[in-house]
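Understanding the architecture of this molecule
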6 protein chains.
Amino acid sequence: MATVRLWSDAEAEADPRVRAVFADIRATRGSDFINNFWRGLANDPTLLERTWSSLKVVMGPGTLDPLTKELVYIAVSIANGCPYCIHSHTAAARAKGLTPEQHGEFLAIVGMANQTNALVNGMQIPVDPAFRVEEGS
Amino acid sequence: MATVRLWSDAEAEADPRVRAVFADIRATRGSDFINNFWRGLANDPTLLERTWSSLKVVMGPGTLDPLTKELVYIAVSIANGCPYCIHSHTAAARAKGLTPEQHGEFLAIVGMANQTNALVNGMQIPVDPAFRVEEGS
Amino acid sequence: MATVRLWSDAEAEADPRVRAVFADIRATRGSDFINNFWRGLANDPTLLERTWSSLKVVMGPGTLDPLTKELVYIAVSIANGCPYCIHSHTAAARAKGLTPEQHGEFLAIVGMANQTNALVNGMQIPVDPAFRVEEGS
Amino acid sequence: MATVRLWSDAEAEADPRVRAVFADIRATRGSDFINNFWRGLANDPTLLERTWSSLKVVMGPGTLDPLTKELVYIAVSIANGCPYCIHSHTAAARAKGLTPEQHGEFLAIVGMANQTNALVNGMQIPVDPAFRVEEGS
Amino acid sequence: MATVRLWSDAEAEADPRVRAVFADIRATRGSDFINNFWRGLANDPTLLERTWSSLKVVMGPGTLDPLTKELVYIAVSIANGCPYCIHSHTAAARAKGLTPEQHGEFLAIVGMANQTNALVNGMQIPVDPAFRVEEGS
Amino acid sequence: MATVRLWSDAEAEADPRVRAVFADIRATRGSDFINNFWRGLANDPTLLERTWSSLKVVMGPGTLDPLTKELVYIAVSIANGCPYCIHSHTAAARAKGLTPEQHGEFLAIVGMANQTNALVNGMQIPVDPAFRVEEGS
């Protein structure tokens, strides 16, 4: 169904770079589960390494809380129409405490944003000067 | 520059439905400023009323904090490529306390999500059974 | 397969707000069929109520004919890549009289628009002054 | 501002293929005005010829009325975020009789479609069997 | 599963216009295989003819090599989220010599472009004067 | 005009991490010119460092030629509607030898891909079994 082969655990074990990344994913997440995304990326160990090391930093501890980070991720994935990403990050958000009430509220915001994006684009509204950050200011 | 006329305050005053919405926007936000989006929507008072009443509920108090709501809104607007919406909601997020550190972290998540959305779509990764919510379950 | 549970008729009956919306959908459409979209939205009765009441107005009688409204809806859904929406609104358009000839002509326009959108974006064509509606004019 | 040069009338006159297309655009539209899109495409006469000959057929007489065709075109352009295309086709729709009431109603549909596209994608609603057209049926 | 019927070979044989296009596809590609896209377009012979004749020219011999053309095609299809198109053009690229190494490198570029597109849109970076092609220059 | 401040050379000099990245961009490109994208990213040195180090690898020497890489980048940027990205990578492609003939041919492919993406989505064409790569195969 994919355009690339999804690597099995046995194949991953046989490639030192893939094995190392899979081991770090398991250690970081505290779970033995490796989802299909990483099994597809394993076809290109360089891309696998770079993607995981970036994701680990971006979604790791910072100034935004973990649930907010997942919601931002899902919002982008909905707007881009990526079914896999919506499924995987909604599951991740649930694991981080997303309640059904918050999920409904989140979907309402995403729906509203898509609606007003379209209204703004349709009317080609010019940016209010008050919203601009001046260069050098 | 817009595809519709942007209503002045004088014009808004002369239409009872537009006047009422503008008054409610000002009261809700505690500011006299009415941004161009609403001045464009004023051309269709029914659409203006429905959009404002929905936005007021969706972005009002709920189970997600106000800053998280704005970040979700901006994330959608970036993915959809709506310059006006990005400007207006980034300004709103700043008004709600977004720090430069949080803004950088937020942009990094949006960038990462767009990147992995593309990688997933390019590889056409099938959804892991573990991510599915079964109907009726 | 969905990220939320799809409500059965029995569940809908047990929630007064969901029951009322489902009853109104059935009465408005003159059909007992409730499609999955509404069964998913039932998880958030507030969002269900607002979405249905807006959709009922927007797609109801107005100055554009019902078939034109459906075609506009499908066009957006194609550009956004929403398979469910394309299926449901193409079915709705057929029910409102869309002929195979009109469907082919419609698809040709959508294809053409996507093509010229890309050509325009690729060349970054500046808007002709003749197309602008001036503020205040 | 563009990524290609926009051809002047004098340049177009000097190239027999561009001159012929520009003459046909003017004759078909009954207007001397050639908008920037065609002046950009003139850099590749083959692409210019193919685009114009396709557009002339697709937007010409058929089973859908001319205003409906323009609305479908604008809907796609809004969803794709093509400012030039939104401006040029909104101007064309006005020239074909679009009233302010119809424009407002149209924008409401486009906004609604974008909203429900997002809600459907966010919930990953499975297509109802009733909506499917079977192969061979 | 489709919104239109997919034509069988027997049906295509019975329509002279569809038969002619299918014959030309087979002759051009040196293969008896007609993929589903063309079987769907067969419902509108005019659209089928125009699409095939354009595609044949655009993807035929020119100044860009055949593999580069396929990669550009896949890149657009990923960004637009068209699963069918990603599958069919990845298969075509493989047939034209795409190696697994090149595929990984290609996916890395597409991912990177989507990421920086989002970062640029999120920051609303103004175009550097050095990048502009002046009109008439 | 941006939502963040664009750093001047003097400011960049004063921050060791930004100074180091700007120096590496200049050395890698053999040019003193730093475009606005990097001046915006400078607000978040961590994001600046990661973005530049990834881009340097992805767009650096590999199995695809430099011009093909730029064309893939522009194709994504057109589909996503990122004006800045289209301008900057079209300028980069020209610097790497893109001829006007190749540019026209490239735009024709991007336009064609967007058109057939829409036709495929509109018809919801099922993937031909022949295009699938089986897991484990």
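Going along each chain's sequence as written, the residues are numbered from 1 onward. By the order in which they are written, chains take letters starting at A while ligands take numbers starting at 1. Residues qualify for local features only when their pLDDT is at least 70, as the model is predicted, and side-chain atom pairs are given and counted only at 80 or more; totals for whole chains, interfaces and linings, by contrast, use all residues. Hydrogens are left out, water is left out, and the side-chain values use all remaining heavy atoms of the structure.

1. Some remarks on the domain arrangement of chain A
Per the domain assignment, the segments of chain A are domain 1 (1-58) and domain 2 (62-124). Residue ranges assigned to the domains are those given by an automatic or database domain assignment. Placing the centre of domain 1 of chain A and that of domain 2 of chain A at their C-alpha centroids yields a distance of 25 Å.

2. Some words on the environment of E49 of chain B
All names here are of chain B. Put simply, DSSP H or I for four residues or longer makes a helix, DSSP E for two residues or longer makes a strand, and each gets a number counted from the N terminus. Within the secondary structure, E49 is located in helix α4 (residues 45-58). You can call E49 partly exposed: its relative accessible area is 29%. Counting along the chain gives 27 residues from E49 to F22, while the straight-line C-alpha distance between them is 9.7 Å. Between two residues, a contact is recorded if the distance between any of their heavy atoms is within 4.5 Å. With residues near it in sequence (within four places) discarded, E49 still touches R17 and V21. Remark: exposure states derive from per-residue accessible area (1.4 Å probe, protein chains only) relative to the maximum for the residue type, with buried under 20%, exposed over 50%, and partly exposed in between.

3. Notes on the packing of helix α5 (residues 66-80) of chain E against helix α7 (residues 100-123) of chain E
All names here are of chain E. Working convention: axes come from line fits to C-alpha atoms, limited for helices to the stretch in contact. Angles between N-to-C directions cover 0 to 180 degrees. One way to put it is that α5 packs onto α7 with a least axis distance of 11 Å and a crossing angle of 45°. The pairing of α5 with α7 is recorded here as oblique in orientation. In the crossing of α5 with α7, the sense of the turn from one axis to the other is right-handed. Along the contact surface, α5 presents L67, L71, I74, A75 and I78, while α7 presents Q102, F106, L107 and V110. Residue type decides the class: Asp, Glu, Lys and Arg count as charged, Ala, Val, Leu, Ile, Met, Phe, Trp, Tyr, Cys and Pro as nonpolar, and the leftover types, Gly among them, as polar. Residues of the contact of α5 with α7, tallied by class, amount to 8 nonpolar, 1 polar and no charged. Should an angle fall under 35 degrees it is taken as roughly parallel, and over 145 as roughly antiparallel, whereas 65 to 115 is taken as roughly perpendicular and any remaining angle as oblique. Left-handed describes a crossing in which the near helix is turned anticlockwise from the far one by less than a right angle; the clockwise case is right-handed.

4. Thoughts on the interface of chain E and chain A
Residue-level contacts link 10 residues of chain E with 8 residues of chain A. Buried surface at the junction of chain E and chain A, both sides included, amounts to about 620 Å², of which 58% is carbon and sulfur. Taken as a group, H87, G104 and A108 of chain E account for 45% of the area that chain E buries against chain A, more than any other trio of residues on that side. In the sections that follow, a salt bridge refers to a side-chain nitrogen of Lys or Arg positioned within 4 Å of a carboxyl oxygen of Asp or Glu. Connecting chain E to chain A are 0 salt bridges. We call two N or O atoms a polar contact when they sit within 3.5 Å, provided that within protein one can donate a hydrogen and the other can accept it, with sequence-adjacent residues counted only if both atoms are side-chain atoms. At the junction of chain E with chain A, the criterion picks out 1 residue pair in polar contact (both at pLDDT 80 or more). Among the secondary structure elements, those contributing two or more residues to the side of chain E that touches chain A are α6 (83-95) and α7 of chain E. Considering every element that reaches the side of chain E that touches chain A, the biggest residue donor is α7 of chain E, with 5 residues. Of the residues that constitute the side of chain E that touches chain A, the class distribution is 4 nonpolar, 4 polar and 2 charged. Note: buried area is the sum, over both parts, of the accessible area (probe 1.4 Å) each one loses when the two are combined.

5. Quick look at the relation of the copies chain C and chain D
Only residues with pLDDT of at least 70 in both copies contribute their C-alpha atoms to the least-squares superposition of the copies. By a simple turn and slide, chain C fits onto chain D: the slide is 0.0 Å along the axis, the RMSD is 0.0 Å, and the turn is 180°. Within this description, the copies of the chain are treated as partners about a two-fold rotation axis. Take the interface residues of chain C: 100% of them recur as interface residues in chain D, which is what a same-surface contact looks like.

6. Here's the deal with the packing of aromatic side chains
Any two of the Phe, Tyr and Trp rings considered here, Trp counted by its six-membered ring, make a pair once their centres fall within 6.5 Å; the pair's planes then place it as stacked at under 30 degrees, edge-to-face at over 60, or tilted in between. Within the structure shown, the criterion is met by 24 aromatic pairs over all chains. Counting every residue linked through ring pairs, the aromatic cluster contains F33 and Y84 of chain A together with F131 of chain B.

7. Topic: the relation of the copies chain E and chain A
By a simple turn and slide, chain E fits onto chain A: the slide is 0.0 Å along the axis, the RMSD is 0.0 Å, and the turn is 120°. These values place the two chain copies in the arrangement generated by a three-fold rotation axis. Minimal C-alpha distance to the rotation axis in chain E is attained by G81 of chain E, lying at 3.8 Å.

8. Focus: the interface of chain C and chain D
The figure often quoted for interface size is the accessible area lost as the parts come together. Taken residue by residue, the interface counts 64 residues in chain C and 64 residues in chain D. Here chain C packs against chain D, burying approximately 6,000 Å² in sum over the two surfaces, 72% of which is carbon and sulfur. Considering only the side of chain C, the residues that lose the most area to chain D are I109, M123 and F131 of chain C, jointly responsible for 11% of the buried surface there. Between K69 of chain C and E105 of chain D there is a salt bridge, with the nearest N and O atoms lying 3.1 Å from each other. On the surface where chain C and chain D come into contact, there are 29 residue pairs in polar contact (both at pLDDT 80 or more). Looking at the side of chain C that touches chain D, the elements that each hand over two or more residues are α3 (36-41), α4 (45-58), α5 (66-80), α6 (83-95) and α7 (100-123) of chain C. Element by element, the count of residues in the side of chain C that touches chain D is highest for α7 of chain C, at 17 residues. For the side of chain C that touches chain D, a count of residues per class yields 38 nonpolar, 21 polar and 5 charged.

9. Considerations on the environment of F37 of chain D
Inspection of the secondary structure assignment puts F37 of chain D in helix α3 (residues 36-41). Classification of F37 of chain D by relative accessible area gives buried; the value is 6%. Sequence-distant contacts of F37 of chain D, defined by excluding residues within four places in its chain, comprise T116, L119, V120, M123 and I125 of chain C together with T51 and Y84 of chain D.

10. Here's the deal with the environment of V18 of chain C
Residue and element names in this part refer to chain C. Following the sequence through the fold, V18 ends up in helix α2 (residues 16-29). Sequence spacing of V18 and P45 is 27 residues, and the spatial spacing of their C-alpha atoms is 6.1 Å. When neighbours within four sequence positions are excluded, V18 is seen to be in contact with W7, A12, A42, P45 and L48.

11. Describing the state of the cysteines
All names here are of chain B. We call a pair of cysteine sulfur atoms a disulfide when they lie within 2.5 Å. Using the criterion set out here, one finds 6 disulfides over all chains in the structure. The partner cysteine of C82 in its disulfide is C85, sulfur to sulfur 2.1 Å. Between C82 and C85 the sulfur-sulfur dihedral comes to about 50°; the bridge is accordingly right-handed. Looking at C85, the relative accessible area reads 2%, which means it is buried.

12. Considerations on the packing of helix α4 (residues 45-58) of chain A against helix α7 (residues 100-123) of chain B
Interhelical geometry of α4 of chain A versus α7 of chain B gives an angle of 145° and a closest axis separation of 10 Å. Here the hand of the crossing between α4 of chain A and α7 of chain B comes out left-handed. Taking contact as the criterion, the partners of L47, T51, S54, L55 and V58 of chain A in α4 of chain A are, on α7 of chain B, A108, I109, M112, T116 and L119 of chain B. Classifying every residue of the contact of α4 of chain A with α7 of chain B by side-chain character gives 7 nonpolar, 3 polar and no charged.

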